[in-house]
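Chain by chain, the residues run as shown.
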Amino acid sequence: MCGIFGYFGHQQALPILVEGLRRLEYRGYDSTGVAVDNGNSIQTYKTVGRVADLKAVLPDEVQGTLGIAHTRWATHGGVTEVNTHPHASHNGAIHLVHNGIIENFQQLRRALASRGIECVSETDSEVLVQMMAFELEKGATPLESVQATLRRLRGTWGLCILFRDHDMMICARNGSPLIIGQGEGETFVSSDPHPLTAHTQRVVYLEDGDIAVIHPESFTITSTKGQEIEPSITVLENAWGEAELGDAPHYMYKEIYEQPDALRQCIAGRVDREMGTGRLGGMGLDHSTLVQAPHVRLLGCGTAAYAAEIGQTLIEKMGRIPAVSHISSEFRNNDTVINPKAIYLAVSQSGETADTISAIKEIKLKGGKVFGVVNVVGSTIARLCGQGVYIHSGPEQSVASTKAFTNMVAALAIFSTQLGRTRHLSKEDGRDLIHHLQQAPHLMETYFEDVGPISEAVDLLCEASSVLFLGRGLSATVAKEGALKLMELAYIPCLAYPAGEMKHGPIALLEEGSPVVIIAPNDHLKEKTLSALHEVKARGAKVILIHEKGDSIASEGDVSIAVPSIHPWLTPLLTVVPLQLMAYETALRLGRDVDRPRNLAKSVTVE
Ligand code: G6P
């Protein structure tokens, strides 16, 4: 979703800001803009569309070493140039970019109108810049104008603000991340770590309530009430610098094929093969917590929610205690009962998903302890939880999540083994599982040597008006993830159902030639899944079958795609890969924007 980049230093700001925007593109956006302060005036350039479109409207040179930039994902007001950030105050004295949502903006807008100040855009963000200008006109300093304005807001914000005639930039955070990067005589601000690594690895994550006054050589952080806060410097991981496309045609392609290495990163040092158990040091779980936990609840959105659902099944299978996965937004809204002794796991690639953050806060408020299962180091969820497991996928830039999914599943499998071994899981069974988990990266590589007839599957999918995905047990969740991938990338309506439930509804959709994707690894549920396959075929549907290599059921599919065999509890790590490839190839065939599907965002920072 929206992205912020800011710069104040000794170099010309514009090229640095535009490059920052380019590195924020993966988050998803619909319009973009930049403002540069040359010491006398602030020049603003905006456009609806991509950063490349913005470049086309920029003059060859814009003088100024101070500036702010933004990618907007519309929430309040349509996708228009006037709604695009930066927003300027009525007198041009202040320019601002904002991430988040101001909940009481209508009321604030009315208050401004009663003072004769009309907003020109439909956005919630513009009221902020007009309010600050009003305070400035009353004699406040820039910092005081920000403090006074923030005190009247309800909602979330990440803000970067320029004040004409003042050599400074002010930033503020409440609920929307902002990171300050300190270089040599230059300071950067960004809403995520990606654009910063090109310049510096020394960063400070602002906390909720922080206001920072930025100069090239230094910055100071104060609370809304004006108390000075000692910044805590973090050194960014190198991996965030490796996010370039290289020779790959798309980020999604690159990230699908990075899965074996990403999995190795996730597993390394976290399993004890001898004892047949997991060792997730970052969770800091002591033996008694594991033994006494009455149940586990998992939270997530989108692909992370499906990883959480697989985690639920693995925890019950290995730990033999109840586990339930929840869609974060539903969890929070349903006033769910919180048992402080239970273990709560928040699963998220970005670590910034607003619904998951709200659910975590709700659990913590009621005395529960939440552990993060997160990719982005230092992200809001990682810091909110304090303890957890980094899935170590490396940067994931394509909106559709791939390598983060398989690493979430692997991390949850390790956690389940650790939990299981403190309870009922035998050493032999634990060892067997760990052995297979360690084989998984190699098995993925084996699959990539021969991915099977993906393009034949794509022939069927491209023509379809809808696609049904079926599976049982763990594969029912893989079916959901496969359906999500195809829907979000190819814009084909997709429905995923547990195969046993197919005859209770979706069978009505089947017509001659309807494509049905069936995931049937060689587990104890395969025979039952085959019954659904026969029912589907009897209605003239075309079956795309994902099965294990060497299995005789291969002949049952109209298109059959084989993946290597693995432990039945780990099959999602392999069966999901052809579904990712099918979605990718179908989207390409249909001419879709694979890495940035329409309307979607990578980091969903609003509820
Ligand atoms: C968005 C993305 C999905 C992602 C979901 C949850 O919808 O497009 O790919 O699965 O958010 O994101 P998270 O960062 O919490 O895993």
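Residues numbered from 1 in each chain as written. Predicted model: local features only at pLDDT ≥ 70, side-chain atom pairs only at ≥ 80, totals over all residues. Heavy atoms only, no water.

### Some remarks on helix H7 (residues 259–267)
Considered for burial, the residues of H7 that qualify are Gln-259, Pro-260, Ala-262, Leu-263, Cys-266 and Ile-267. Projection of H7 onto a plane perpendicular to its axis shows the buried side chains occupying an angular sector of 160°, all on one side. (Buried < 20%, exposed > 50% of the residue type's maximum accessible area, 1.4 Å probe, protein only. Helix = DSSP H or I, 4+ residues; strand = E, 2+ residues; numbered from the N terminus. Arc of directions from axis to C-beta.)

### Details of the packing of H7 against helix H13 (residues 403–421)
One can describe the packing of H7 onto H13 by two numbers: an axis separation of 9 Å at closest approach and a directional angle of 30°. Here H13 runs roughly parallel to H7, going by the angle between their axes. In this structure, H7 meets H13 at a crossing whose hand is right-handed. Contacts between H7 and H13 involve Gln-259, Ala-262, Leu-263, Cys-266 and Ile-267 from the first element and Lys-403, Thr-406, Asn-407, Ala-410, Ala-411 and Ile-414 from the second. A per-class count over the contact of H7 with H13 returns 7 nonpolar, 3 polar and 1 charged. (Axes fitted to C-alpha atoms, helices over the stretch in contact; angles between N-to-C directions. Parallel < 35°, antiparallel > 145°, perpendicular 65-115°, else oblique. Left-handed = near helix turned anticlockwise from the far one by under 90°. Contact = heavy atoms within 4.5 Å. Nonpolar A, V, L, I, M, F, W, Y, C, P; charged D, E, K, R; others polar.)

### Topic: the domain arrangement of the chain
Domain parsing of the chain yields domain 1 (2–240), domain 2 (244–449) and domain 3 (451–592). The centre of domain 1, based on its C-alpha atoms, is set 34 Å off from the matching centre of domain 2. The partner domain 2 presents 14 residues to the 14 residues of domain 1 that form the contact. Linking domain 1 with domain 2 are 2 salt bridges. Among the ionic pairs, Glu-207 bridges to Arg-383, the shortest N-O distance being 2.9 Å. Run the count over domain 1 and domain 2 and you get 3 residue pairs in polar contact (both at pLDDT 80 or more). Per-class residue counts for the side of domain 1 that touches domain 2 are 7 nonpolar, 1 polar and 6 charged. (Domains from an automatic or database assignment. Salt bridge = Lys/Arg side-chain N within 4 Å of Asp/Glu carboxyl O. Polar contact = N/O pair within 3.5 Å; in protein donor to acceptor, adjacent residues only side chain to side chain.)

### A word on the site of the ligand
Near the ligand lie 13 residues; those nearest to it are Ser-348, Gln-349, Ser-350, Thr-353 and Ala-601. Taking Gln-349, its main chain carries an N or O atom lying 2.7 Å from an oxygen atom of the ligand. A distance of 3.0 Å separates an oxygen atom of the ligand from a polar atom in the backbone of Val-399. When the ligand is considered free in solution it has 390 Å² of accessible area, and contact with the protein chains removes 90% of it. Among the elements that take part in the shell around the ligand, helix H9 (residues 302–319) stands out by supplying 3 residues, more than any other. When the residues that make up the shell around the ligand are grouped by side-chain class, the tally is 5 nonpolar, 7 polar and 1 charged. (Near = heavy atom within 4 Å. Areas by Shrake-Rupley, 256 points an atom, 1.4 Å probe, with all protein chains shown as cover.)

### Things to note about the sheet that holds strand S23 (residues 467–471)
Sheet architecture is open: 5 strands sit in the order S24-S23-S25-S26-S27, paired in parallel fashion. Unpaired on one side and paired on the other, strand S24 (494–498) and strand S27 (559–563) mark the two borders of the sheet. The mean angle between the axes of side-by-side strands here comes to 20°, regardless of whether they run parallel or antiparallel. Sheet topology note: the strand S25 (residues 515–519)/strand S26 (residues 542–548) ladder contains 5 bridges and is parallel. Looking at the pairing, Ile-518 lines up with Leu-545 of S26. (Pairing = 2+ DSSP bridges.)

### Remarks on the pairing of strand S4 (residues 66–72)
Burial of S4 is extensive: 7 of the 7 residues sit out of reach of the surface. Two elements, strand S1 (residues 3–8) and S4, share 6 bridges in a ladder whose sense is antiparallel. Looking at S4, one finds that Tyr-7 is bridged to Gly-67. The pairing of strand S2 (residues 31–37) with S4 spans 7 bridges and is antiparallel. Each residue of the ladder has a partner; that of Val-36, found in S4, is Gly-67.

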